[in-house]
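# A closer look at the structure
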Amino acid sequence: MSNEGPYKAYSGCALCYHSCGVEVTIEDGKAIKVEGQKGHPLNDGKLCPKGQAMIEHLYHPDRLKYPLKRVNGEFVRVSWEEAMSEIAGKLDRLRNEYGPAALAFFCGSIGVENLEMISLTHRFKAAFGSPNFFSVESICYRMRIRARQITFGKYPVEEMDSKLYLLWGHNPAASDFPLSLAMEENLKKGSKVIVIDPRRIPIADRAEIYTPIRPGTDGALALAMMNVIINEDLYDKKFIDEWTYGFDKLVPHVQQYTPEWAEKITGVKADVTRKIARMFATTKGASIFHGTCTQDQCANGSQNDRALSILQVLTGNINVPGGWVISPRLRLNDVSLPFQGKPLGADEYPLFYELWGRTSPYAVMNMVPESVPGKLRAFIVAGGNPLVTMPDSNALREAFEKLDLVVVYEQFLTETARYADYVLPALNQLEFWGLAYNYNVCHCLPYLMLRPALLPPYYECRSIRDVYTDLANRLGFGDKFAWEKDEDVVKYELQPCALTFDDLMAKPGGALYQEKDYTLRQGSFATPTGKIEIYSQAFADVGHDPLPTYLEPSKSPQGRRWAELGEKYPLVLATGTRDFYFNGGMLHNIKSLQVWSPYPKAELGPQTAKKYSVANGDDVIVETDRGFVKMKASVDARVMEGVVLVPHGWPEEGNCNRLTDCNAREPIMGYPEWKGLLCSIRKA
Ligand SMILES: Nc1nc2c(c(=O)[nH]1)N[C@H]1C(S)=C(S)[C@@H](COP(=O)(O)OP(=O)(O)OC[C@H]3O[C@@H](n4cnc5c(=O)[nH]c(N)nc54)[C@H](O)[C@@H]3O)O[C@H]1N2
Ligand SMILES: Nc1nc2c(c(=O)[nH]1)N[C@H]1C(S)=C(S)[C@@H](COP(=O)(O)OP(=O)(O)OC[C@H]3O[C@@H](n4cnc5c(=O)[nH]c(N)nc54)[C@H](O)[C@@H]3O)O[C@H]1N2
Ligand code: SF4
Ligand SMILES: [Mo]
């Protein structure tokens, strides 16, 4: 590879889960240029600033080159042999002394970008004998997948080309580059936009309707919209008769949820609710984009997801172009293995774990602090930064300090890596074999491409397959890791797929793996009734409301903890507004991106700022009952008064998860309440 080039090769950008197509120019075994892949259905030749920084990220001077071991509080370079033999020895002792379930695993959102890493981690976990796999699945979009599965028996997804984009806590300009490109085109063709967001996001200026809303209260608005759609006879009768179960129960249920009732909770004017409901209900090809996880990370999360699904159903916007579409599944061999035992949280949050006899392999992140050291004694973290990105950094850090062993497989010395006993240097996406596919988080697009290892390994970095294979051999289950090369894993994954490894090698830019099909037929909805379940027996069976309801955030001006917290923390807090230039905790060390976003911003409205003697650009302390952060005030009339919005992913004093609480939980799936908390703000 070393003396070739320059030549171009294709890959998928793995710097966020969208997997845009990229063309990489390579010379002498080094990447020298990256461009958006022309003709790619997501990004057609364009790259967001993160993608453009791919090479700066790849060759960043702080990138880890060698295995590290912590000795007397300092990291020292060790050989792979030393690291692997010591880690294996410690894992073996842990297994004998406490049982395999005491070893927990964490994969970050990179698990979506890096399918092989997540599935090989599941495999290692099962072979070791632990059920405890933690990941962004218990804080991000799994809840909405689950709620849609419960409602539809499948997972329908918003289409990028919609006639009406109902952006309900979703800001494509920051978080969804491919969607913002698609919207730009479709707006020119006459598509419309409605925005429901505590902040007047840029696209709201071009919207038919914009309304602010108090964070954490969207479920109340959704119920009021149902009330309008039903009482004004705006629902799709034919669709409901043919495809749904439980509409008759919904009609009396929603009578209590008038727009006037909702206004007192949400702050959304009753007449605006009516306007939104009417416009949405009278557009075929309309889609609710309810934030990839905005509506999940609050007290009413699962019920929000159910309510928004039902709105989509009432208006017949299922499997119509521009609506939510049940997309063809990608058929891949599963690299993971069946495992023993139940993941942490399975008993407490049964719907997160089990549906109609099928179980999920995910443990509940919020339960980690209370489970160390009683249930968990060691962590292997691969591609994630939980001490920054997971709820309640203060509690989680204390828990990590109590662990017997922490191993972090990373490209950089993140905050989490700094707590590790061993840090193992990871390959970059251009250096290992993988599959990039359009994971149907928010776009229905059956696209698949190969991400070949275009570059040789950086210094001593190794692939995750290599690491697990080595440990498995030492721990006595090497037979479970029989692949010789990384690409063998990819070949195995692709065996049942319509596109084989050879097909994809012949089409380096990737390909659609299936045509879209909008037809609904018997079996389209794999629920027990065979229909879309507006009334959910699955919810009722585990003691939750079978019809959508509203639960106020626990820490809010109308919530149960206001009497205790309200005086000290009078403002509503939403955490995790996305920054266009970073992805979670990643890329904050990239100089060309720092220029655009040099510090974390606490956003608030001018009256609120005045009330608390804060001016634009001031250093401020945002505080909750769990901790405080230091940010810079961004005073902007576009932000709803009485609300503070903060980003996530910043290190140290800017880390918003110092403000969050692992015990403030959504009751059905155990998610963190990240939107709709209480805080104070003051000049630092
Ligand atoms: N308060 C609050 N907190 C939040 C959110 C919020 O809204 N509010 N949002 C949450 C959401 S939705 C998510 S998904 C999480 C994200 O949480 P995480 O996934 O933990 O966040 P990242 O910082 O993206 O971590 C990815 C890490 O993987 C490393 N990495 C990248 N590529 C590779 C690779 O190929 N191999 C290896 N080994 N490592 C790699 C990066 O260096 C980085 O440190 O954050 C959550 N945190
Ligand atoms: N650049 C960049 N892109 C990313 C990420 C990133 O870190 N950086 N993270 C990726 C990940 S892991 C995920 S899960 C997605 C997240 O994607 P989303 O969850 O869709 O997040 P955003 O697009 O930031 O949209 C959040 C919007 O919701 C508003 N909001 C906050 N609280 C509430 C509320 O209670 N109700 C309503 N209606 N609105 C509210 C905020 O003002 C903001 O405009 O983004 C992904 N894309
Ligand atoms: S949106 Fe940006 S970071 Fe995400 S895959 Fe596309 S180019 Fe990469
Ligand atoms: Mo996420």
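Residues numbered from 1 in each chain as written. Chains lettered and ligands numbered in written order. Predicted model: local features only at pLDDT ≥ 70, side-chain atom pairs only at ≥ 80, totals over all residues. Heavy atoms only, no water.

## Some remarks on the packing of aromatic side chains
The final tally for this structure, using the stated rule, is 26 aromatic pairs. Both rings, one in Phe 124 and one in Tyr 468, keep their centres 4.8 Å apart while their planes meet at 20°; by these two values the pair is stacked. Here the residue Phe 124 occupies a position in helix α5 (residues 115-128), and Tyr 468 occupies one in helix α19 (residues 464-475), the gap between them amounting to 344 residues. Of the two residues, Phe 124 and Tyr 468, both sit in the buried class. For the pair Trp 483 and Tyr 492, a centre-to-centre distance of 5.7 Å together with 55° between the ring planes defines the contact as tilted. When its relative accessible area of 27% is taken as the criterion, Tyr 492 is described as partly exposed. Through a chain of ring-to-ring contacts, three or more aromatic side chains come together here, namely Phe 105, Phe 124, Phe 128, Tyr 468, Phe 477 and Phe 481. A cation over an aromatic ring shows up here: Arg 77 above the ring of Tyr 66, its NZ or CZ 3.4 Å from the ring centre. When the ring centre of Tyr 235 is taken as reference, the NZ or CZ atom of Lys 237 above it lies at 4.8 Å. (Phe/Tyr/Trp six-rings, centres within 6.5 Å; stacked < 30°, edge-to-face > 60°. Helix = DSSP H or I, 4+ residues; strand = E, 2+ residues; numbered from the N terminus. Buried < 20%, exposed > 50% of the residue type's maximum accessible area, 1.4 Å probe, protein only. Lys NZ or Arg CZ within 6 Å of the ring centre and 35° of its normal.)

## As for helix α8 (residues 177-188)
In this model, α8 (twelve residues) spans 17 Å end to end at C-alpha, consistent with the 16 Å of a helix rising 1.5 Å per residue. For α8, the full list of buried residues reads Phe 177, Pro 178, Leu 179, Ala 182, Met 183, Asn 186 and Leu 187. Considering only its buried residues, α8 is in contact with β9 (164-168), α7 (172-175), β10 (192-196) and β13 (286-289). Of the residues one or two after α8, Gly 190 is the one with positive phi, at around 110°. (Expected span 1.5 Å × (residues − 1). Contact = heavy atoms within 4.5 Å.)

## Some thoughts on the side chain of His 170
Along the chain, the position of His 170 falls in the loop between β9 and α7. Side chain to side chain, His 170 and Asp 176 meet in a polar contact 3.0 Å long. Here His 170 is in contact with Ser 175, Asp 176, Leu 179, Asp 197, Ile 201, Phe 289, Gly 291 and Thr 292, once residues within four sequence places are set aside. (Polar contact = N/O pair within 3.5 Å; in protein donor to acceptor, adjacent residues only side chain to side chain.)

## Overview of the site of ligand 2
What surrounds ligand 2 is a group of 34 residues, the closest being His 170, Ser 175, Asp 197, Asp 218 and Phe 582. Between a nitrogen atom of ligand 2 and a main-chain N or O atom of Ala 174, the distance comes to 2.9 Å. Between a nitrogen atom of ligand 2 and a main-chain N or O atom of Asp 579, the distance comes to 2.8 Å. Protein coverage of the free-state accessible area of ligand 2, which is 920 Å², stands at 97%. Among the secondary structure elements, those contributing two or more residues to the shell around ligand 2 are α7 and β24 (571-577). Considering only residue class, the shell around ligand 2 consists of 14 nonpolar, 13 polar and seven charged. Each of domain 2 (143-327 + 522-541) and domain 3 (562-683) accounts for three or more of the residues forming the shell around ligand 2. (Near = heavy atom within 4 Å. Areas by Shrake-Rupley, 256 points an atom, 1.4 Å probe, with all protein chains shown as cover. Nonpolar A, V, L, I, M, F, W, Y, C, P; charged D, E, K, R; others polar. Domains from an automatic or database assignment.)

## Structural notes on the sheet that holds strand β5 (residues 74-77)
Judged by pairing direction, the sheet is mixed, and its seven strands sit side by side in the order β5-β4-β19-β18-β17-β6-β7 without closing on themselves. With one partner strand each, in any of the chains shown, β5 and β7 (133-135) form the two edges of the open sheet. Each strand of the sheet is rotated relative to its neighbour by a mean of 20°, with strand direction disregarded. Pairing analysis gives three bridges linking strand β6 (residues 103-107) to β7, with the strands arranged parallel. Residue pairing for β7: Cys 107 is matched across the bridge by Ser 135. The strands touched by helix α3 (residues 80-98) within the sheet are β4 (68-71), β6, β17 (378-382), β18 (405-410) and β19 (422-425), with β19 carrying the most contacts at an inclination of about 130°. Each of β6, β7, β17 and β18 is contacted by α5, which is oriented at about 175° to β6, the strand it contacts most. (Pairing = 2+ DSSP bridges. Axes fitted to C-alpha atoms, helices over the stretch in contact; angles between N-to-C directions.)

## Description of the sheet that holds strand β20 (residues 434-437)
Taking strand neighbours across the sheet as the criterion, the three strands line up as β20-β21-β22 in an open arrangement whose pairing is antiparallel. Every other strand in the sheet has two partners, leaving β20 and β22 (511-512) as the edge strands with one partner each. Strands β20 and β21 (447-451) of the sheet are contacted by helix α20 (residues 486-494), whose axis makes an angle of about 45° with β20.

## Points about the environment of Glu 370
Here Glu 370 is to be found in helix α16 (residues 368-371). It is 8.8 Å that separates the C-alpha atoms of Glu 370 and Ala 395, two residues lying 25 residues apart in sequence. Those residues in contact with Glu 370 that lie beyond four places of it in its chain are Asn 663 and Arg 665.

## Details of the pairing of strand β27 (residues 627-635)
When strand β25 (residues 601-604) meets β27, the two strands line up parallel, connected through four bridges. Within β27, the position partnered with Lys 601 by the bridge is Lys 632. Of the strand pairs in this sheet, strand β26 (residues 619-624) and β27 are connected by six bridges, and their pairing is antiparallel. In the sheet register, Val 620 faces β27, and the bridge partner there is Met 631. Counting the residues in the hairpin turn of β26 and β27 gives two residues.

## Considering the packing of helix α6 (residues 142-152) against helix α14 (residues 301-314)
The geometry of α6 relative to α14 is characterised by a closest axis approach of 9 Å and an angle of 50° between their N-to-C directions. Classified by the interaxial angle, the pair formed by α6 and α14 is oblique. Handedness of the crossing formed by α6 with α14: right-handed. Residues Met 143, Arg 144, Ala 147, Arg 148, Thr 151 and Phe 152 of α6 form the contact with α14, whose participating residues are Gly 301, Ser 302, Asp 305, Arg 306, Ser 309 and Val 313. Grouping the amino acids of the contact of α6 with α14 by side-chain chemistry returns four nonpolar, four polar and four charged. (Parallel < 35°, antiparallel > 145°, perpendicular 65-115°, else oblique. Left-handed = near helix turned anticlockwise from the far one by under 90°.)

## Topic: the domain arrangement of the protein chain
Splitting the protein chain by domain gives domain 1 (68-139 + 356-431 + 461-499), domain 2 (143-327 + 522-541) and domain 3 (562-683). Between domain 1 and domain 3, the C-alpha centre-to-centre distance is 30 Å. Contacts between the two partners involve 22 residues from domain 1, matched on the other side by 23 residues from domain 3. Summed over the three residues of domain 1 that lose the most area to domain 3, namely Asn 366, Val 388 and Asp 392, the buried surface amounts to 31% of that side. Close ionic contact of Arg 665 with Glu 370 constitutes a salt bridge, the shortest N to O distance being 2.8 Å. Viewed at the interface, domain 3 and domain 1 are joined by 17 residue pairs in polar contact (both at pLDDT 80 or more). Broken down by secondary-structure element, the contributors of at least two residues to the side of domain 1 that touches domain 3 are α4 (110-113), α16, α17 (386-389) and α18 (393-401). (Buried area = accessible area lost by both parts, 1.4 Å probe. Salt bridge = Lys/Arg side-chain N within 4 Å of Asp/Glu carboxyl O.)

## Description of the nonpolar core
Within the largest apolar cluster, 86 residues are counted, with the highest numbers of intra-cluster contacts made by Phe 124, Phe 134, Phe 379, Leu 424 and Tyr 468. In terms of residue count, the dominant contributor to this core is α3 (seven residues). When near neighbours in sequence (up to four residues on either side) are disregarded, Phe 124 contacts Phe 105, Ile 380, Tyr 468, Leu 471, Ala 472, Leu 475, Phe 477 and Phe 481. In this structure, Ile 209, Met 226, Leu 311 and Val 313 belong to the second largest nonpolar core, which totals 53 residues. (Core = buried A, V, L, I, M, F, W, Y, C linked by side-chain atoms within 4.5 Å.)

## Observations regarding the environment of Asn 72
Mapped onto the secondary structure, Asn 72 falls in the loop between β4 and β5. Separated by 449 residues in sequence, Asn 72 and Arg 521 place their C-alpha atoms 65 Å apart.

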